[in-house]
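Here is how the chains run, residue by residue.
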Amino acid sequence: MGILSMLGLDSKSESIKDFTYKGAIIIDVRTAGEFCERHFKNSKNIPLDNTAVKF
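None of these values were measured; they are calculated from a predicted model. (Residues numbered from 1 in each chain as written. Predicted model: local features only at pLDDT ≥ 70, side-chain atom pairs only at ≥ 80, totals over all residues. Heavy atoms only, no water.)

**Notes on the overall build of the protein chain**
Right, on to step 1. Within the protein chain one finds four helices and two strands.
Right, on to step 2. Ordering the α and β elements of the protein chain from the N terminus gives α-α-β-α-β-α.
Right, on to step 3. Out of the 55 residues in the protein chain, the part that is buried amounts to 13%.
Right, on to step 4. A total accessible area of about 4700 Å² is found for the protein chain, and carbon and sulfur atoms account for 58% of it. (Helix = DSSP H or I, 4+ residues; strand = E, 2+ residues; numbered from the N terminus. Buried < 20%, exposed > 50% of the residue type's maximum accessible area, 1.4 Å probe, protein only. Areas by Shrake-Rupley, 256 points an atom, 1.4 Å probe, with all protein chains shown as cover.)

**Regarding the environment of Gly33**
Right, on to step 1. With respect to the secondary-structure elements, Gly33 resides in helix H3 (residues 32–37).
Right, on to step 2. Classification of Gly33 as partly exposed rests on a relative accessible area of 42%.
Right, on to step 3. C-alpha separation for the pair Gly33 and Pro47, spaced 14 residues apart in sequence, amounts to 9.9 Å.

**Some points on the pattern of salt bridges**
Right, on to step 1. Taken as a whole and judged by the stated rule, the model has one salt bridge.
Right, on to step 2. Here Arg30 ties to Asp28 by a salt bridge, and the two come within 2.7 Å at their closest N and O atoms. (Salt bridge = Lys/Arg side-chain N within 4 Å of Asp/Glu carboxyl O.)

**A few points about the side chain of Ser43**
Right, on to step 1. Along the chain, the position of Ser43 falls in the loop between H3 and strand S2 (44–45).
Right, on to step 2. Given the relative accessible area of 9%, Ser43 is considered buried.
Right, on to step 3. Side-chain polar atoms of Ser43 contact the backbone oxygen of Phe40, separated by 2.7 Å.
Right, on to step 4. For Ser43, the residues in contact, after removing those within four places along its chain, are Ile26 and Phe35. (Polar contact = N/O pair within 3.5 Å; in protein donor to acceptor, adjacent residues only side chain to side chain. Contact = heavy atoms within 4.5 Å.)

**Quick word on the side chain of Asp28**
Right, on to step 1. As for its placement among the helices and strands, Asp28 is situated in strand S1 (residues 27–28).
Right, on to step 2. Exposure remark for Asp28: the relative accessible area of 12% places this residue in the buried category.
Right, on to step 3. Among the polar contacts listed, one links the side chain of Asp28 to the side chain of Arg30, at a separation of 2.7 Å.
Right, on to step 4. The contacts of Asp28, once residues within four sequence positions are left out, are Phe35, His39, Lys44, Asn45, Ile46 and Pro47.

This is the structure we're talking about:
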């Protein structure tokens, strides 16, 4: 079970759009390369392996 499924979102991008419309920020923790291939509009890429450095 993925994180989106646990949040009740599955792969429905309309739900993500609803959250971002309300001001949510989507943080994508995949690598920069994976992020460049495909990501949600206006999401922020903070690769998990760099998280400790950025915070």
